[in-house]
Amino acid sequence: MTLNKFNLPDVGEGLTEAEIVAWKVKAGDTVAVNDVLCEIETAKSLVELPSPFAGTVTELLVPEGVTVDVGTPIISVSDAVDAPAPAAAAPAPAPVAQEQAAGQEQASAAPMYGTLPADDSDAGEPAGRPAGGPLVGSGPKADAVKRRRRISAPAAAGHEAPSAATATGAAAPVVERAGVEAHDIWINPDAASSPADAATGPAGSVEARPTFGGAISGLVGKVLAKPPVRKIARDLGINLADVVPTGARGEVTREDLVSYQAQRDAEVDKADSFWGKSGRPQEQRIERIPVKGVRKATAKAMVESAFAAPHVSIFVDVDASRTMEFVKRLKASRDFEGIKVSPLLILAKAVIWAAARNPSVNATWVDNPDGSDSAEIHVKHFMNLGIAAATPRGLMVPNIKNAQDLSLKQLALALNELATTARAGKTQPAQMRGGTLTVTNIGALGIDTGTPIINPGEVAIVAFGTIKQKPWVLDGEVIPRWITTLGGSFDHRVVDGDLSARFMADVAAILEEPALLLD
């Protein structure tokens, strides 16, 4: 018997330590290679650690909630398997073996969960899910958000043909999401699928759109809810995108709203009891929160940036009325059906367009490693557009790789995927490396503008303020227009005042007239 110890690996570039957030196994469990052992929190994200060994877990060497250095043994696995395991694998009687063989043939004939077969992509999901968990990186193509309804060929098995014909016949309208109104907001990836979706019908059933379920972290779609539920949400001031749906078709139900409202009320009640009892000494009314994980990494990065790069900030008010009209037309467009579209999409495209006209904002200041006064400015001829995202675990800045190559629709899909993944806490370290320029959407919180701190390794960041109607002078008349304020911070070592002003003016020009993107 060999006892293998698994040391904490470096799952990201330059990782030095990580916290054990949750163990997925316990002593005595039997594990196979690539089974998830635990979930760790690095300086950038939550990561699941797969087992490099097969055998029996003998001991968990590090308890949950403890931060350890890379290379520290965290679990021991024996290559000996528990005694009952061989008995479970004993040869089955002939009839049972035949049934198992038939089941295996059917399983092999069905498409694997998360794969996209060329001809059967609309045929529906298999009834079960493998134990391997989400297939990272799988998902619909950029142009496959809306598919035309298709009737598949009859099933291979003879007894399945009648059910397939029934599914493609009079029952076809029932398969569609009848009576459920769709709203173009992000969908919660953890609720994108339900058991009812997996049991919609056999492989020949008709689907109005692909539903690959929670295994696709980047799935974009619609928050589903019936009109009465939407009315209740509006009356209560609840954003349906913030509610975890539990309906049979993945829709938000009345009970979901009641639960969410109860949670909000509980938070308000906590505010009433936040202040400690005045009779206690003040030293006993201080809450001490350890700085670790994402908060620790954010603090270090912001200090390095604020004191290493001399910041200069400028602001510009923009008439974004035509951007609002353009967004409205995109939402009504069939090509963008099912895709979250917001003014942030137009700003992202504007930043990419303006950076090509002012390349030095898409650069990095690199000091000489030998400590001398010599340095270099590395101008990036590609755009990895960072989007600052507020998550329950803190600030994250994942980026969209090669954003300059994406069409408007592809960029919208990428923004949807980025936001959905960040909200679910599934952003990977690789998604936060290599950013070249960042956008922070502080307007989503109702803030007009601010002075953002540059992301380390970059020389520019753009803050997008809230868009609201204000009095605006147009052709000598004061009329209400949709106005926003852009704020930009720049590394003055690389970007001079003139260059920063021209860059911000170019971004503002696109928001004022999105048609310039067609040039």
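The structure under discussion appears in the preceding block.
Residue indices follow the written sequence of each chain, beginning from 1 at its first position. Restriction of local features to residues with pLDDT of at least 70 applies here, the model being predicted, together with a cutoff of 80 or more for giving and counting side-chain atom pairs; totals for whole chains, interfaces and linings are based on all residues. The side-chain numbers reported here are obtained from all heavy atoms of the structure, hydrogens and water having been left aside.

1. Thoughts on the overall build of the chain
Here is step 1 of the chain: Secondary structure counts use DSSP, requiring at least four H or I residues in a row for a helix and at least two E residues in a row for a strand, with both numbered from the N terminus. Scanning the chain for helices and strands turns up 12 helices and 21 strands.
Here is step 2 of the chain: Partly exposed residues are those whose accessible area sits between 20% and 50% of the maximum for their type, while under 20% is buried and over 50% is exposed, using a 1.4 Å probe and protein chains only. Counting over 519 residues, the chain shows a buried share of 40%.
Here is step 3 of the chain: By definition, residues are in contact when any of their heavy atoms lie within 4.5 Å. Considering only residue pairs separated by 6 or more positions, the chain has 66% of its internal contacts joining residues 24 or more positions apart.
Here is step 4 of the chain: The accessible surface values rely on the Shrake-Rupley method and a 1.4 Å probe; as for residues, cover is taken only from the protein chains in view. When the accessible surface of the chain is split by element, carbon and sulfur atoms take 56% of a total near 27,800 Å².

2. Here we look at the environment of arginine 357
Here is step 1 of the chain: In this structure, arginine 357 sits in helix H10 (residues 343-357).
Here is step 2 of the chain: Assessed through its relative accessible area of 49%, arginine 357 is described here as partly exposed.
Here is step 3 of the chain: For the pair arginine 357 and phenylalanine 503, spaced 146 residues apart in sequence, the C-alpha separation works out to 7.7 Å.

3. Regarding unusual backbone geometry
Here is step 1 of the chain: Positioned with a positive phi, asparagine 34 is a non-glycine residue whose angle comes to about 80°.
Here is step 2 of the chain: Along the chain, asparagine 34 turns up in the loop between strand E3 (30-31) and strand E4 (36-41).
Here is step 3 of the chain: The phi torsion at asparagine 402 lies on the positive side, around 50°, for a residue other than glycine.
Here is step 4 of the chain: Residue placement: asparagine 402 occurs in the loop between strand E17 (399-400) and helix H11 (408-423).

4. Let's talk about the sheet that holds strand E2 (residues 17-23)
Through backbone hydrogen bonds, the strands of a sheet pair up, either in parallel or in antiparallel fashion.
Here is step 1 of the chain: Two strands qualify as a pair provided DSSP detects at least 2 bridges between them. Pairing in this open sheet of four strands is antiparallel, and the strands run E5-E4-E2-E7 from one edge to the other. Since the sheet does not close on itself, it has two edges, and those belong to strand E5 (46-50) and strand E7 (67-69), each with one partner. Sheet twist, expressed as the average angle between the axes of neighbouring strands with direction ignored, equals 40°. Axes here mean lines fitted to C-alpha atoms, for a helix over just the part in contact, with angles spanning 0 to 180 degrees between N-to-C directions.

5. Some words on the side chain of asparagine 384
Here is step 1 of the chain: Structurally, asparagine 384 can be placed in the loop between strand E14 (375-379) and strand E15 (385-391).
Here is step 2 of the chain: One polar contact links the side chain of asparagine 384 to the main-chain amide nitrogen of asparagine 402, over a distance of 3.0 Å.
Here is step 3 of the chain: Residues within four places of asparagine 384 in sequence aside, it is in contact with Asn399, Ile400, Lys401, Asn402, Gly434, Gly435, Thr436 and Leu437. Polar contacts, as used here, are pairs of N or O atoms within 3.5 Å; protein pairs need one atom able to donate a hydrogen and one able to accept it. Residues neighboring in sequence count only if both atoms are side-chain atoms.

6. Section: the sheet that holds strand E6 (residues 55-60)
Here is step 1 of the chain: Spatially, E1-E8-E6-E3 is the arrangement adopted by the four strands of the open sheet, whose pairing is antiparallel. In this open sheet, the two edge strands, each paired with only one partner strand, are strand E1 (3-7) and E3.
Here is step 2 of the chain: The pairing of E1 with strand E8 (residues 73-78) spans five bridges and is classified as antiparallel. Bridging from a neighbouring strand, asparagine 7 pairs with proline 73 of E8.

7. A closer look at the packing of aromatic side chains
Here is step 1 of the chain: The rule is short: rings of Phe, Tyr and Trp, with Trp giving its six-membered ring, pair when the centres are within 6.5 Å, and they are stacked under 30 degrees, edge-to-face over 60, tilted in between. For the structure shown, the criterion picks out one aromatic pair.
Here is step 2 of the chain: Judged by centre distance (6.0 Å) and plane angle (85°), the rings of phenylalanine 490 and phenylalanine 503 are edge-to-face. With a gap of 13 residues between them, phenylalanine 490 in strand E21 (residues 477-491) and phenylalanine 503 in helix H12 (residues 497-512) connect regions that are remote in the sequence. With respect to burial, phenylalanine 490 and phenylalanine 503 carry one shared label: buried.

8. Topic: helix H9 (residues 321-332)
Structural remark: α-helix, 3.6 residues per turn; residues separated by three or four positions point the same way.
Here is step 1 of the chain: To estimate the expected span of a helix, count its residues, drop one, and scale the result by 1.5 Å. For H9, with 12 residues, the first-to-last C-alpha span of 17 Å sits near the 16 Å given by 1.5 Å per residue.
Here is step 2 of the chain: If you check which residues of H9 are buried, you get Ser321, Thr323, Phe326, Val327 and Leu330.
Here is step 3 of the chain: Against strand E12 (311-319), H10, H11, E21 and H12 lie the buried residues of H9.

9. Let's talk about H11
Here is step 1 of the chain: Taking 1.5 Å per residue as the helical rise, H11 with its 16 residues ought to reach 22 Å, and the 23 Å between its terminal C-alpha atoms agrees with that figure.
Here is step 2 of the chain: Burial runs high along H11: 12 of the 16 residues are buried.
Here is step 3 of the chain: Three or more residues of H11 are buried, namely Leu408, Leu411, Ala412, Leu413, Ala414, Leu415, Asn416, Leu418, Ala419, Thr420, Thr421 and Ala422.
Here is step 4 of the chain: Buried residues in H11 make contact with H9, H10, E15 and E17.
Here is step 5 of the chain: Just downstream of H11 lies glycine 425, where phi reads positive at about 70°.

10. Quick look at the environment of threonine 421
Here is step 1 of the chain: Tracing the backbone through its elements, the reader meets threonine 421 in helix H11.
Here is step 2 of the chain: Looking at threonine 421, the relative accessible area reads 3%, which means it is buried.
Here is step 3 of the chain: Each C-alpha atom, one on threonine 421 and one on proline 398, is 9.7 Å from the other, the two residues being 23 residues apart in sequence.

11. Digging into the pattern of salt bridges
Think of it this way: side chains of opposite charge can pair up when their charged atoms draw near.
Here is step 1 of the chain: The salt bridge criterion pairs a side-chain nitrogen of Lys or Arg with a carboxyl oxygen of Asp or Glu, the two atoms within 4 Å. In total, this model carries eight salt bridges according to the counting rule given.
Here is step 2 of the chain: Across the salt bridge formed by aspartate 235 and lysine 231, the nearest N and O atoms sit 3.1 Å from each other. With aspartate 235 and lysine 231 both in helix H6 (residues 227-236) and four residues apart, this pair spans about one turn of that helix.
Here is step 3 of the chain: Classification of aspartate 235 by relative accessible area gives exposed; the value is 55%.

12. Here's the deal with the packing of H9 against H10
Here is step 1 of the chain: Their axes nearest at 9 Å, the elements H9 and H10 cross at an angle of 115°. The angle between H9 and H10 falls in the class roughly perpendicular. Taken as a pair, H9 and H10 cross one another with a handedness that is right-handed. On the side of H9, the interface is formed by Thr323, Met324, Phe326, Val327 and Leu330, while H10 contributes Pro343, Leu345 and Ile346.
Here is step 2 of the chain: Polar here means any residue outside two lists: the nonpolar Ala, Val, Leu, Ile, Met, Phe, Trp, Tyr, Cys and Pro, and the charged Asp, Glu, Lys and Arg; Gly therefore counts as polar. Looking at the contact of H9 with H10 residue by residue, the classes come out as seven nonpolar, one polar and no charged. Here roughly perpendicular refers to angles of 65 to 115 degrees, roughly parallel to angles under 35, roughly antiparallel to angles over 145, and oblique to all remaining angles. Crossings are sorted by hand: turned counterclockwise from the far helix by less than a right angle, the near helix makes the crossing left-handed, and turned clockwise it makes it right-handed.

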